[in-house]
Amino acid sequence: MVPSLNLDVLQSFLVFADKLNFTHAAEELHISQPALHMKIQELSDAMGVTLYRKIGRRLELTEHGKRLARFSRDISHRKTVFLNELITGSDNEPVILAAGEGAYLYILGESIKEFLKRKKHPLSLLTLNREGILDAIQSGKAHIGVAPLESISPPGVESTPLLRVDQVLILPSSHPLATKKKLQLKDLDNCKLIVPPADRPHRQMLSAALQSAGVTWEIAVEVNGWELMLHFAKLGLGLAIVNSMCTIPRGLVARPLIGLPSVHYHLFNLAGACDRGAQAELKRMILKGVQ
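None of the values given here were measured: they were computed from a predicted structure.

(A) Quick look at the sheet that holds strand 7 (residues 167–172). Spatially, six strands are ordered 8-12-7-11-9-10 in an open sheet, and the strand pairing comes out mixed. At either margin of the open sheet sits one strand with a lone partner, and together these are strand 8 (183–184) and strand 10 (218–222). As paired strands, strand 7 and strand 12 (residues 252–258) are joined by five bridges and run antiparallel to one another. By the bridge assignment, isoleucine 170 is partnered in strand 12 with alanine 254. Those strands touched by helix 8 (residues 201–212) are strand 7, strand 9 (192–195), strand 10 and strand 11 (239–243), and its axis lies near 150° from that of strand 9.

In structure tokens:
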């Protein structure tokens, strides 16, 4: 027997899926926490699947939960679009793009500008890290994502290659290493480096590469984002390793760093979800913009 799906219950689940916290979700829905818990449990029982699990003190959606959140979000969007068309006679549903700060600054600017020139659909931008971007695609919070591909795409998500970017060492033009045209990892021995926090993929890659090369180094400062890394490099706090697409501030130079892998940026979307309409138009403009 096919379970019935109550729109009110789906909306409640969607709020819970976004918050992943029963207290905060219940507050937004103006119901009690036990009432929301019961709704989610009854929905899970009716569908015969587990929708979320507890990892330590944190809640996370299962694959079934992510699919249901995506379906619930789609239903909510369709309802909004239908009512808007009914009232105003036009479809102005926004296209939602998710990317990191660096991608917006150095990859997507012209494509966004071109898309907005058409003035057919509004564009909503989410600034997230790679994990957040893929989660936004899977859950339906974003239609298109742009991020480095560090492993295979998650189930149901298709990826399209955008561009390959090398990594470079950023240092003051007066630094002794600046006299070299290319640098090896061993050149960084005993240097102070500006790096992301320990849990970020870029930091983990750097730490593994430097350890493999037998390099001893110090943390100058931990900071997220290419622009802040460049800012602190300009202040003279240490050397930074960033993508070669970054704009280098005056007084600093970039030197190729042999021994580090290139960064491969991809465009992500749900399989078959960007075949037509405004989403397909934005995807086409992004792909064209990096050619």
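Let us keep going from here.
(B) Highlighting the sheet that holds strand 6 (residues 157–165). Spatial strand order, 4-3-5-13-6: five strands in an open sheet with mixed pairing. Sheet topology places strand 4 (123–127) and strand 6 at the edges, where each strand pairs with a single neighbour. The mean inter-strand angle of the sheet, taken between neighbouring strand axes irrespective of direction, is 20°. Relative to strand 4, strand 3 (residues 95–99) is paired through five bridges, and the arrangement is parallel. Bridge pairing in strand 4 links isoleucine 96 to serine 124.

(C) Quick look at the environment of arginine 250. Summarising the element assignment, arginine 250 is placed in the loop between strand 11 and strand 12. Owing to a relative accessible area of 78%, arginine 250 belongs among the exposed residues under this scheme. For the pair arginine 250 and phenylalanine 268, spaced 18 residues apart in sequence, the C-alpha to C-alpha distance is 34 Å.

(D) Structural context of the packing of helix 6 (residues 109–118) against helix 10 (residues 277–289). Put simply, helix 6 and helix 10 touch, their axes get as near as 9 Å, and they point 145° apart. Once helix 6 is placed against helix 10, the crossing between them reads as right-handed. Contact with helix 6, carried on its side by Ser111, Glu114, Phe115 and Arg118, involves Ala278, Glu281, Leu282, Arg284, Met285, Ile286 and Gly289 of helix 10 and no other residues of that element. Classifying every residue of the contact of helix 6 with helix 10 by side-chain character gives five nonpolar, two polar and four charged.

(E) Spatial organisation of the side chain of histidine 143. Note on placement: histidine 143 falls in the loop between helix 7 (130–139) and strand 5 (144–148). By relative accessible area, histidine 143 is classed as buried at 12%. If sequence neighbours within four positions are ignored, histidine 143 has contacts with Pro94, Val95, Ile96, Ile137, Phe268, Asn269, Cys274 and Gln279.

(F) How the structure looks around the pairing of strand 5. With five of five residues buried, strand 5 lies mostly within the body of the structure. The sheet contact formed by strand 3 and strand 5 spans three bridges and is parallel. Residue pairing in the sheet places leucine 97 in a bridge with isoleucine 144 of strand 5. Relative to strand 13 (residues 263–270), strand 5 runs antiparallel, the two sharing four bridges. By the bridge assignment for strand 13, valine 146 is matched with leucine 267.

(G) Region of interest: the packing of helix 2 (residues 22–29) against helix 3 (residues 33–47). Running from N to C, helix 2 and helix 3 point in directions that differ by 100°, and their axes come no closer than 9 Å. Comparing the axis directions of helix 2 and helix 3 gives the class roughly perpendicular. Facing helix 2, whose interface residues are Phe22, Thr23, Ala25, Ala26 and Leu29, helix 3 presents Gln33, Leu36, His37 and Ile40. Taken together, the residues of the contact of helix 2 with helix 3 break down into six nonpolar, three polar and no charged.

(H) Focus on helix 3. With 15 residues, helix 3 extends 21 Å between its outermost C-alpha atoms, agreeing within 8% with the 21 Å of an ideal straight helix rising 1.5 Å per residue. Of all the residues in helix 3, the buried ones are Leu36, Ile40, Leu43 and Ser44. Buried residues in helix 3, looked at end-on, bunch into an arc of 100°, giving them a common side. Away from its buried face, by an angle of more than 90 degrees, helix 3 presents the exposed residues Pro34, Met38 and Asp45. The backbone nitrogen of alanine 35 lies 3.2 Å from a side-chain oxygen of the residue at the head of helix 3, namely serine 32.

Cut-offs used in this document
Residues numbered from 1 in each chain as written. Predicted model: local features only at pLDDT ≥ 70, side-chain atom pairs only at ≥ 80, totals over all residues. Heavy atoms only, no water. Pairing = 2+ DSSP bridges. Helix = DSSP H or I, 4+ residues; strand = E, 2+ residues; numbered from the N terminus. Contact = heavy atoms within 4.5 Å. Axes fitted to C-alpha atoms, helices over the stretch in contact; angles between N-to-C directions. Buried < 20%, exposed > 50% of the residue type's maximum accessible area, 1.4 Å probe, protein only. Left-handed = near helix turned anticlockwise from the far one by under 90°. Nonpolar A, V, L, I, M, F, W, Y, C, P; charged D, E, K, R; others polar. Parallel < 35°, antiparallel > 145°, perpendicular 65-115°, else oblique. Expected span 1.5 Å × (residues − 1). Arc of directions from axis to C-beta. Polar contact = N/O pair within 3.5 Å; in protein donor to acceptor, adjacent residues only side chain to side chain.

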